[in-house]
Amino acid sequence: MKILLVASGAREHAIADALARSPQKPEIISVCTTNNPGLKRLSTELHVGNILDFPWVMEIAQKAKPDLAIVGPDDPIGNGLADVLEDAGIPAMAPKKSLARIESSKSFARDLLRNTVPDSVPQYRVFTSYEPKELNKFIAQDLKGNYVVKYDALRGGKGVKVSGEHLATIEEGMQYAKDCIEEGGRVVIEEKLVGVEFSLLSFVSGTQVVDMPAIQDHKRAYAGDTGPNTGGMGTYTDSDHSLPFLTREDLARAKEINRLTAQALLTACGEPYRGILYGGFIAVADGIRVIEFNARFGDPEALNVLPLLSSDLVAICQAITQGTLPEDLVRFDHKATVCKYLAPESYPVSKDQRGAVVTFPPVPKNARLFFGDIAENEQGILHVGGSRTAGIVGIGETLAEAETIAEEFCRQVKGPVRHRADIGTAALIEQRMQTMRALRTLV
Ligand code: AMP
Ligand code: GLY
């Protein structure tokens, strides 16, 4: 069994780690944007280059003749690498370009969801030309000044601006909307939702959808949810596969939305979605709403759930690409996980620490270390890049135990890196629960 893994960092290190645990002992051929030390250890070949250069990727694929390919990051998926692989006869565990619009086009996603789960979509409008009067009326009157402006294409998580956070005045919001239209031809303006965000990722093969444990990410750079947005500074999952601030109904509805979305994608695109469907939700006063969908594993979300997977990831990928995904093929341990990302001290503001040396203590049995933007020299010395360095995962019977494991590990790492000490702590989780209690007693 030979697998081609298209990679950019820690998410794919976690995927490779789960593949390597398979009884099928697959041979992993990785193509990655960096010389990732984790992938280097787990792959028989690691090719470093531009993963958006499809002819280069395909040259490697055609030589390796893999049984299947897994594509981790959003850009190659959004740009149609699955189509190119399948045209060459290589089954891909990633949706084709048309289906990946659920992530790569905010307007496609919103329109599909409005027709599928209307009660779970915020009020929104798509503008394809700059109409200041209409735009002003929609933002100021219809949305009462509480709005979000979304660039309508992939922008590494940086295309969304929220009023009161990134946009101080309606004029600023209108200017950003104008910029989005000029650059991308389209912009989505929507109601700003207030609540607590969570993610539910599912393995999907057509209309067969098998869910993973629910996850909470922390996008802000600094403790207390302050500072600029990042790719995600850390995540946790609980042993019951739900989250402390969610009701049974919230989780059931999120699962139903992922199912209905997979079905709607089949109908809209005329072909089955095969890969990971990542539902980004927010629990609000009267239920849940969809914030966004992604067409891939999250990073760090994959770092939490894949170490808990007790069944065979290779068999799951085979089943997905073959079009039958029995539910009992997917099993997760009932344990809690806390992932804290180590990032260069000045991340995401500048890349001042790039090239600095970082050293890690030995990894205890109940922890995992997944390498992100880090390079290893010939002497085995590790140097940080400009982006997130490594995801540290603690695994325990309880969230408290998992948090302690991750935190103790992070504190022993030497080098100019930092992490958010508050992620997964009882205090932060209690704060989320209080937010939900306050919102829901208002209903
Ligand atoms: P997205 O790229 O759509 O996930 O948006 C990035 C982040 O922007 C989300 O994780 C939310 O924190 C925030 N966001 C997006 N849409 C909304 C919304 N309608 N209301 C409030 N916050 C939002
Ligand atoms: N952690 C958020 C994402 O992968 O999009």
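Scroll up a little and you will see the structure.
Because the structure is predicted, anything quoted here is derived from the model rather than measured. (Residues numbered from 1 in each chain as written. Chains lettered and ligands numbered in written order. Predicted model: local features only at pLDDT ≥ 70, side-chain atom pairs only at ≥ 80, totals over all residues. Heavy atoms only, no water.)

(A) Here's a closer look at the site of ligand 2. Around ligand 2, the neighbouring residues are D217, G231, Y278, N294, R296, G298, D299, P300 and E301. The separation between an oxygen atom of ligand 2 and a polar side-chain atom of N294 is 3.4 Å. Within the side chain of R296, one N or O atom sits 2.9 Å away from an oxygen atom of ligand 2. Relative to its unbound accessible area of 200 Å², ligand 2 is 90% covered by the protein chains. (Near = heavy atom within 4 Å. Polar contact = N/O pair within 3.5 Å; in protein donor to acceptor, adjacent residues only side chain to side chain. Areas by Shrake-Rupley, 256 points an atom, 1.4 Å probe, with all protein chains shown as cover.)

(B) Examining the packing of aromatic side chains more closely. Inspection of every chain in the model, using the stated rule, returns five aromatic pairs. Summarising the aromatic geometry, the rings of F127 and F138 are spaced 6.3 Å apart at their centres and angled 55 degrees between planes, so their arrangement reads as tilted. With F127 in strand β6 (residues 124–127) and F138 in helix α8 (residues 132–142), this pair connects stretches of sequence that are eleven residues apart. Given a relative accessible area of 3%, F138 falls into the buried group. With a centroid separation of 6.2 Å and 90 degrees between ring planes, the pair formed by F203 and F297 is classed as edge-to-face. Highlighted residues: F203 in strand β10 (residues 196–205) and F297 in the loop between β17 (287–294) and α11 (301–305), separated in sequence by 94 residues. F297 shares its class with F203; the two are buried. Cation over ring: R125 sits above F138, and NZ or CZ is 5.7 Å from the ring centre. In this structure, K161 packs its charged tip against the face of Y176, placed 4.5 Å from the ring centre. (Phe/Tyr/Trp six-rings, centres within 6.5 Å; stacked < 30°, edge-to-face > 60°. Helix = DSSP H or I, 4+ residues; strand = E, 2+ residues; numbered from the N terminus. Buried < 20%, exposed > 50% of the residue type's maximum accessible area, 1.4 Å probe, protein only. Lys NZ or Arg CZ within 6 Å of the ring centre and 35° of its normal.)

(C) Structural view of the pattern of salt bridges. A complete count under the given rule lists 28 salt bridges for this structure. The salt bridge involving E182 is made with K178; its shortest N-O contact spans 3.6 Å. Of this pair, E182 and K178 both sit in helix α9 (residues 170–184), four residues apart, roughly one helical turn. K340 is paired through a salt bridge with E403; the nearest N and O atoms lie 2.7 Å apart. Within this pair, whereas K340 is found in strand β18 (residues 336–344), its partner E403 is found in helix α13 (residues 399–412), the two being separated by 63 residues in sequence. We classify K340 as buried; its relative accessible area is 0%. (Salt bridge = Lys/Arg side-chain N within 4 Å of Asp/Glu carboxyl O.)

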